Amino acid sequence: MSDPLVARMREFGTTIFAEMSALAARTGSINLGQGFPDTDGPPEMLERAVSAVRGGLNQYPPGPGVPELRQAVSEHRKDHYGLAYDPDGEILVTVGATEAVAASILALCEPGDEVIAFEPYYDSYAASVALAGAVLRPVTLRPVEGRFTFDPAELRAAVGPRTRVILVNSPHNPTGTVLTRAELEEIALLCHEHSLVAVTDEVYEHLTFDGVEHIPLATLPGMRDRTVMISSAGKTFSVTGWKTGWVCAPPELVRAVQTVKQFLTFTAAAPWQLAVAHGLRHELGWVSSLRAGLQAKRDRLTAGLSAAGFDVYRPAGTYFVQTDIRPLGFTDGLALTRELPALAGVVAIPTQVFYAHPERGGHFVRFAFCKKDEVIDEAVSRLARLGGTGGGPG
Ligand code: PMP
Ligand code: GLN
């Protein structure tokens, strides 16, 4: 049989996260690839999930989500960012941020419409744009003085008559950049000038370091009205397997996203929602400890990777470190990461798969530091062996 998969999805194959986690399992390597923590979320929050199941919260919740979670999200947005969202009509619970992004693009883009995204971008963005029959216009983030940023002129040049949406991920996976107010102002200006909708992926909103502040685009003047703000419990509470996310937006935008979402999944799993409501209300102290712990892990991993010979970009947020492999004598990150289990017993993510033009990111490799200290230490001591092997793959 010829390939039954629709043509527009053929280039996507298996995600790099699945490929690299399978490689780690097959080779017994340390997995610093796929971003998931190796420790659990707040114990009381986990108990809430158990008691939700035991207490009978096991049937379909309302389409927009369990009311307690919508209320808790509303309070959290208000307390944290001063943004008021009505739990009835301006908040929608989704199956993770992934579904929120997909439903937003599918809801807002006609075939042929254009979506701007900063590359390297989280892999689901390009797939969601392709599913919608829309066209992705990448704007490349490049290192400037050790931090990845965009050229405002390039961003401006990417906007055309068909541009409908700009997808903004900050704190940014995989570069670790947290967009500054000045950068967000550039984006906001374009949204106003060209009537664009901003879809913001803020899943790492709480994971910023050195006092760097995460600024939601929706807090900039006039932007609340044209922003679909997306977040998720996965990274904030170390429960990536719960797949519980949410959208906050004005009623007409939420209605659009929900119209699509209801036919993707109808609603998200109920018990997690009650537990995440508890998390947002009572576990932000736990999240502060997580953040402090992650900052120390970032320092641990960046020091180890530098000592092993990588050029390291110190992230201001997320739990990923972007590295340049060229000082070690390698040039092709995909080839290197496929060989890394044999060379060093470690798995990482080749950043090039997050580019529309892979050659722009061929020499970057991403490592995750949401792992126990001893795991990071062991990975780093193994990677120190690489120094002598440069000029191998790639
Ligand atoms: N966006 C980004 C930038 C991510 O790194 C991830 C992975 N957590 C997601 C979205 C997906 O989030 P979720 O697991 O909630 O679908
Ligand atoms: N967000 C995580 C990462 O970037 C995991 C994504 C996934 O497994 N799809 O590594």
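Predicted model only: the values in this text are computed from it and were never measured.

### Topic: the site of ligand 1
- Around ligand 1, the structure places Gly 96, Ala 97, Thr 98, Tyr 122, Asn 169, Asn 173, Asp 201, Val 203, Tyr 204, Ser 232, Lys 235 and Lys 243.
- The separation between an oxygen atom of ligand 1 and a polar side-chain atom of Asn 173 is 2.8 Å.
- Taking Lys 243, its side chain carries an N or O atom lying 2.7 Å from an oxygen atom of ligand 1.
- A total of 390 Å² of accessible area belongs to ligand 1 in isolation, and the protein chains cover 94% of it.
- Examining the composition of the shell around ligand 1, we find that 3 residues originate from one element, helix α4 (residues 96–108), more than from any other.
- Of the residues belonging to the shell around ligand 1, the class tally is 4 nonpolar, 5 polar and 3 charged.

### Brief notes about the packing of aromatic side chains
- Inspection of the entire model under this criterion finds 14 aromatic pairs.
- Where Tyr 204 meets Phe 320, the ring centres are 5.9 Å apart and the plane angle is 80°; that geometry is what we call edge-to-face. Of this pair, Tyr 204 sits in the loop between β8 (197–201) and β9 (227–232) while Phe 320 sits in strand β12 (residues 320–324), and the two are 116 residues apart along the sequence. Both residues of the pair, Tyr 204 and Phe 320, belong to the buried class.
- Ring pairing ties together the aromatic residues Phe 17, Tyr 122, Tyr 125 and Phe 354, which thus form one cluster.
- The ring of Phe 320 has Arg 366 sitting right over it, with the charged end atom 3.5 Å from the ring centre.
- Here the guanidinium or amino end of Lys 371 rests over the ring plane of Phe 36, the centre of that ring lying 3.7 Å away.

### Regarding the UniProt feature "domain: Aminotransferase class I/classII large" (unreviewed entry) in the protein
- Look at the UniProt record and you will see "domain: Aminotransferase class I/classII large" (unreviewed entry) annotated at residues 30–383.
- Structurally, residues 30–383 comprises 42% helix and 18% strand, and the distance from its first C-alpha atom to its last is 11 Å.

### Some details on the sheet that holds β12
- Strand order in the open sheet made by the 4 strands is β11-β12-β15-β14, with antiparallel pairing throughout. The sheet terminates laterally at β11 (311–313) and β14 (349–350), the two strands that pair on one side only.
- The strands that helix α11 (residues 284–308) touches are β11, β12 and β15 (364–368); relative to β12, the one it contacts most, it runs at about 15°.

### Structural notes on the sheet that holds β9
- Read from one edge of the open sheet, 7 strands run β2-β10-β9-β8-β7-β3-β4, paired in mixed fashion. One side of each edge strand has no neighbouring strand; the edge strands of this open sheet are β2 (91–94) and β4 (135–140). This sheet shows a mean twist of 20° between the axes of neighbouring strands, independent of strand direction.
- Direction of pairing for strand β3 (residues 114–119) relative to β4: parallel, over a ladder of 6 bridges. The partner of Ile 116 across the bridge, within β4, is Arg 137.
- Those strands touched by helix α5 (residues 123–131) are β3, β4, β7 (163–169) and β8, and its axis lies near 150° from that of β4.
- Here helix α9 (residues 251–264) sits on the sheet and contacts β2, β8, β9 and β10 (245–248); the angle it forms with β2, its principal contact strand, is near 25°.

### Things to note about the site of ligand 2
- Close to ligand 2 lie Phe 17, Gln 34, Gly 35, Tyr 122, Asn 173, Tyr 204, Lys 235, Phe 320 and Arg 366.
- Calculation on ligand 2 without its partners gives an accessible area of 300 Å², and the protein chains cover 81% of this total.
- Tallied by class, the residues present in the shell around ligand 2 amount to 4 nonpolar, 3 polar and 2 charged.

### Let's talk about the packing of α4 against α5
- In the contact formed by α4 and α5, the axes pass within 9 Å of each other and the chain directions differ by 35°. Our pair here, α4 against α5, has a crossing hand that is right-handed. Here α4 contributes Thr 98, Val 101, Ala 102, Ile 105 and Leu 106 to the contact with α5, which in turn contributes Ser 124, Tyr 125, Ser 128, Val 129 and Leu 131.

### Some points on the pairing of β3
- Where burial is concerned, most of β3 is hidden: 6 out of the 6 residues are buried.
- Alternating positions in β3 separate into two faces, Glu 114, Ile 116 and Phe 118 on one and Val 115, Ala 117 and Glu 119 on the other, with burial throughout.
- Between β3 and its parallel partner β4, the chain crosses via α5, and the hand of that crossover is right-handed.
- Pairing between β3 and β7: 4 bridges, direction parallel.

### What about the pattern of salt bridges?
- Applying the stated criterion across every chain yields a total of 22 salt bridges.
- We note a salt bridge from Lys 261 to Glu 99, for which the minimum N-O separation is 2.9 Å. A residue pair is termed long-range when its members are at least 10 positions apart, and Lys 261 in helix α9 and Glu 99 in helix α4 qualify at 162 residues. Per residue, the accessibility class of Lys 261 equals that of Glu 99, and both read buried.

### Some points on the nonpolar core
- Counting residues in each nonpolar core, the largest one holds 62 residues, and the members touching the most others are Phe 367 and Leu 383.
- A total of 6 residues in this core trace back to one element, the largest contributor, which is α4.
- Setting aside chain neighbours within four positions, we find Leu 383 in contact with Leu 305, Ala 308, Phe 310, Leu 340, Ala 344, Val 346 and Phe 367.

### Re the packing of helix α3 (residues 67–81) against helix α10 (residues 270–282)
- For the pair α3 and α10, interaxial distance at closest approach is 8 Å and the crossing angle is 25°. In terms of their interaxial angle, α3 and α10 are classed as roughly parallel. Between α3 and α10 lies a crossing whose hand is left-handed. For the pair α3 and α10, contact is made by Glu 68, Leu 69, Gln 71, Ala 72, Val 73, Glu 75 and His 76 and by Gln 273, Leu 274, Val 276, Ala 277, Leu 280 and Arg 281, respectively.
- Looking at the contact of α3 with α10 residue by residue, the classes come out as 7 nonpolar, 3 polar and 3 charged.

What counts and what doesn't
Residues numbered from 1 in each chain as written. Chains lettered and ligands numbered in written order. Predicted model: local features only at pLDDT ≥ 70, side-chain atom pairs only at ≥ 80, totals over all residues. Heavy atoms only, no water. Near = heavy atom within 4 Å. Polar contact = N/O pair within 3.5 Å; in protein donor to acceptor, adjacent residues only side chain to side chain. Areas by Shrake-Rupley, 256 points an atom, 1.4 Å probe, with all protein chains shown as cover. Helix = DSSP H or I, 4+ residues; strand = E, 2+ residues; numbered from the N terminus. Nonpolar A, V, L, I, M, F, W, Y, C, P; charged D, E, K, R; others polar. Phe/Tyr/Trp six-rings, centres within 6.5 Å; stacked < 30°, edge-to-face > 60°. Buried < 20%, exposed > 50% of the residue type's maximum accessible area, 1.4 Å probe, protein only. Lys NZ or Arg CZ within 6 Å of the ring centre and 35° of its normal. UniProt positions renumbered as here; feature names shortened; annotations may be inferred. Pairing = 2+ DSSP bridges. Contact = heavy atoms within 4.5 Å. Axes fitted to C-alpha atoms, helices over the stretch in contact; angles between N-to-C directions. Left-handed = near helix turned anticlockwise from the far one by under 90°. Right-handed = clockwise from strand over helix to strand, strands pointing away. Salt bridge = Lys/Arg side-chain N within 4 Å of Asp/Glu carboxyl O. Core = buried A, V, L, I, M, F, W, Y, C linked by side-chain atoms within 4.5 Å. Parallel < 35°, antiparallel > 145°, perpendicular 65-115°, else oblique.

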